[in-house]
Protein chains: 2
Amino acid sequence: MSGPITKVGYIGLGTMGAGIAGNLVKAGLAVTVWNRTPAKSAGLAARGAAVAGSLEELGRSGCEAIFLNLSDGPAVHEVLLGPGGLAAHLARGTVVIDNSTIGPQEAQQIAAELRGRGIEFLDAPVSGGQAGAAQGTLSIMVGGDEAVFLRGLPLFQAIGKSITHLGPVGMGQACKACNQVAVGCNLLGVCEAAALAKKLGVDPAKLVEVLGGGGAASQQLKNYGAKIFAGDLKPGFAVKLMLKDLGIAQRAADEVALPLEGAALAEKYLRAVAEAGGAELGTQAMSRALEERGKFRFSG
Amino acid sequence: MSGPITKVGYIGLGTMGAGIAGNLVKAGLAVTVWNRTPAKSAGLAARGAAVAGSLEELGRSGCEAIFLNLSDGPAVHEVLLGPGGLAAHLARGTVVIDNSTIGPQEAQQIAAELRGRGIEFLDAPVSGGQAGAAQGTLSIMVGGDEAVFLRGLPLFQAIGKSITHLGPVGMGQACKACNQVAVGCNLLGVCEAAALAKKLGVDPAKLVEVLGGGGAASQQLKNYGAKIFAGDLKPGFAVKLMLKDLGIAQRAADEVALPLEGAALAEKYLRAVAEAGGAELGTQAMSRALEERGKFRFSG
């Protein structure tokens, strides 16, 4: 542990990762990126990032912290600890910061394996969607040792607005799971209210205004209320990603024998959207599954 | 239709009605009250309201508008149109303003019967709870003829902060039903997230803060998140009232063949609370039904 971190790596340049890595560049850090599909690195290179040709090259580039933003726990484990994985090439004391949403226990297991090699780990899932990633206004839920969290804090401040240290490794993911449970139920509430309003002939603009001013107000209503009535299903957050997150929450709940029926209902409707060809649509497409019950199909 | 309304009546002095009637007095209107249980009129009399000895006396007191705030549609119908009901004693052109939460179709039927006697009707359910009623900061969802709405508007401004005219009679109730569907699902989301957080050991204060700053934010979280963790089940809004409102929403949805599974789930858990002796508790008691599944009982 020395001075402030100035050299960082970023692995996984999807819509979230690309935005976050861009903000690390913007903050004046020396950023080296790697992505399984090399073409995705071009945008970051144009913004001033170095591009590593392999995980080994990234691991040996002297980065003091390496971020990951991958699809699930097995992907994070494989990139770090699988054959040819990053961990073998990292110096002791390097901090791995995982922006992926994975299970709390998966995070704990990965952290334990890295610790055996002298590598630090923070689970740091985010919320705020693509816009938050691009604008550097994410909420970041961090689990890990206090000292390691403090070392990473300036980095988090470069990519997020609200940064919370929730306790030891896994607690960031635990909080994210709770967050997505509430998001799923709130979205369900918006979709059911909108479906009823359509059937009863309530004026959409007035409904959104009235509900937004009282006990029914929610960020999901603010984000998606008007879009649902307008039929605008462009993704702020894709159905397939929310399905993944709700699956993580359900598995975490299963492990502690807690049924989450509301979140399961949200998952059911989102799965119906995905099965009708809407996996890439925004989560507000749940409204279609509610209103049309099996009689819908998304083209393209 | 003449000048501004200066004389009003108020029927139904429960916690909501008493607060609203008090604000009508405070606004300088001549208020006459009537309540089935006469003792409940005493507080309003002390604040300057006249007390009618019967519905007939109230009906003949020259009020230009009469508010109602009763438990359900049949109660509103009976007070207005049952044997010895108010309508027989009202002058033509009197405006009946119903602050009760009843079904949209019930409101339409009552309005039609009153119209036959030359009496105007506005459905004007409110949201904002006991605090909003007392402080005059309610949201009021109004259905009825535009001209009648405009005649009532100064009265609404005396008792509410946000007043929305949603269209013809019944539309206020339709909007309220949608509102309660969203409230129920959002509350379910808060309770499920809190239950998972407890099981996973997430710090309560941090959870409420993090969820409140992102996509999981909701008024229900703001109102009840901390209370759920503190075990504070004092009513902001009683379980029995929410059950009534969700029943109205489900019947309205049934009439248009729309299943509302999320709202039904909220209803199921609230019913479990009521059956365990918690009907008078605040709606946040739903958290107990979720966490303890049949193994709980409220005393007193």
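Residues numbered from 1 in each chain as written. Chains lettered and ligands numbered in written order. Predicted model: local features only at pLDDT ≥ 70, side-chain atom pairs only at ≥ 80, totals over all residues. Heavy atoms only, no water.

Concerning the packing of helix H8 (residues 171–200) of chain A against helix H8 (residues 171–200) of chain B
At their nearest, the axes of H8 of chain A and H8 of chain B sit 8 Å apart, and the two run at 165° to each other. Classified by the interaxial angle, the pair formed by H8 of chain A and H8 of chain B is roughly antiparallel. The interaxial crossing formed by H8 of chain A with H8 of chain B has right-handed handedness. Split into classes, the residues belonging to the contact of H8 of chain A with H8 of chain B amount to 24 nonpolar, four polar and two charged. (Axes fitted to C-alpha atoms, helices over the stretch in contact; angles between N-to-C directions. Helix = DSSP H or I, 4+ residues; strand = E, 2+ residues; numbered from the N terminus. Parallel < 35°, antiparallel > 145°, perpendicular 65-115°, else oblique. Left-handed = near helix turned anticlockwise from the far one by under 90°. Nonpolar A, V, L, I, M, F, W, Y, C, P; charged D, E, K, R; others polar.)

Observations concerning helix H1 (residues 15–26) of chain B
What sets the pattern is the α-helix's 3.6 residues per turn: residues three or four places apart point alike. All names here are of chain B. With 12 residues, H1 should reach 16 Å at 1.5 Å per residue; the first-to-last C-alpha distance of 17 Å fits that figure. Buried within H1 we find Met16, Gly17, Gly19, Ile20, Ala21, Gly22, Asn23, Leu24 and Val25. Just beyond H1, the residue with positive phi is Gly28, at close to 90°. (Expected span 1.5 Å × (residues − 1). Buried < 20%, exposed > 50% of the residue type's maximum accessible area, 1.4 Å probe, protein only.)

With respect to the confidence of the model for chain A
Close inspection of predicted coordinates is inappropriate in any region flagged by low pLDDT. With 99% of its residues at a pLDDT of 70 or more, chain A has an overall mean of 96. The ipTM, which scores confidence in the relative placement of chains, is 0.94 for this predicted complex, and the corresponding pTM is 0.94. (pLDDT = per-residue confidence, 0-100.)

Things to note about the pairing of strand E6 (residues 120–123) of chain A
Relative to E6 of chain A, strand E5 (residues 95–98) of chain A runs parallel, the two sharing four bridges. Within the sheet, the bridge partner assigned to Val95 of chain A lies in E6 of chain A and is Glu120 of chain A. (Pairing = 2+ DSSP bridges.)

Quick word on the side chain of Asn69 of chain A
Residues and elements named next belong to chain A. Relative to the assigned elements, Asn69 resides in the loop between strand E4 (65–68) and helix H4 (73–81). Judged by its relative accessible area of 15%, Asn69 is buried. A polar side-chain atom of Asn69 sits 3.0 Å from a polar atom in the side chain of Tyr10. When near neighbours in sequence (up to four residues on either side) are disregarded, Asn69 contacts Tyr10, Ile11, Gly12, Met16, Gly17, Ile20, Asn99 and Ser100. (Polar contact = N/O pair within 3.5 Å; in protein donor to acceptor, adjacent residues only side chain to side chain. Contact = heavy atoms within 4.5 Å.)

A word on the relation of the copies chain A and chain B
At an RMSD of 0.1 Å, chain A and chain B line up after a rotation of 180° and a shift of 0.0 Å along the axis. The transformation just described matches what one would write down for a two-fold rotation axis. Among all C-alpha atoms of chain A, that of Ser218 of chain A lies closest to the rotation axis, at 2.0 Å. Residue by residue, 100% of the interface of chain A is reproduced at the interface of chain B, so both copies engage with the same surface. (Least-squares fit on C-alpha atoms with pLDDT ≥ 70 in both.)

Observations concerning the interface of chain A and chain B
The extent of an interface is frequently quoted as the accessible surface area lost upon association of the parts. Taken together, the contact between chain A and chain B spans 54 residues of the former and 54 residues of the latter. Taking both sides of the interface into account, the surface hidden between chain A and chain B amounts to around 4600 Å²; carbon and sulfur atoms contribute 66%. Here chain A is connected to chain B by four salt bridges. Glu261 of chain A is the salt-bridge partner of Arg293 of chain B, the closest N and O atoms lying 3.5 Å from each other. (Buried area = accessible area lost by both parts, 1.4 Å probe. Salt bridge = Lys/Arg side-chain N within 4 Å of Asp/Glu carboxyl O.)

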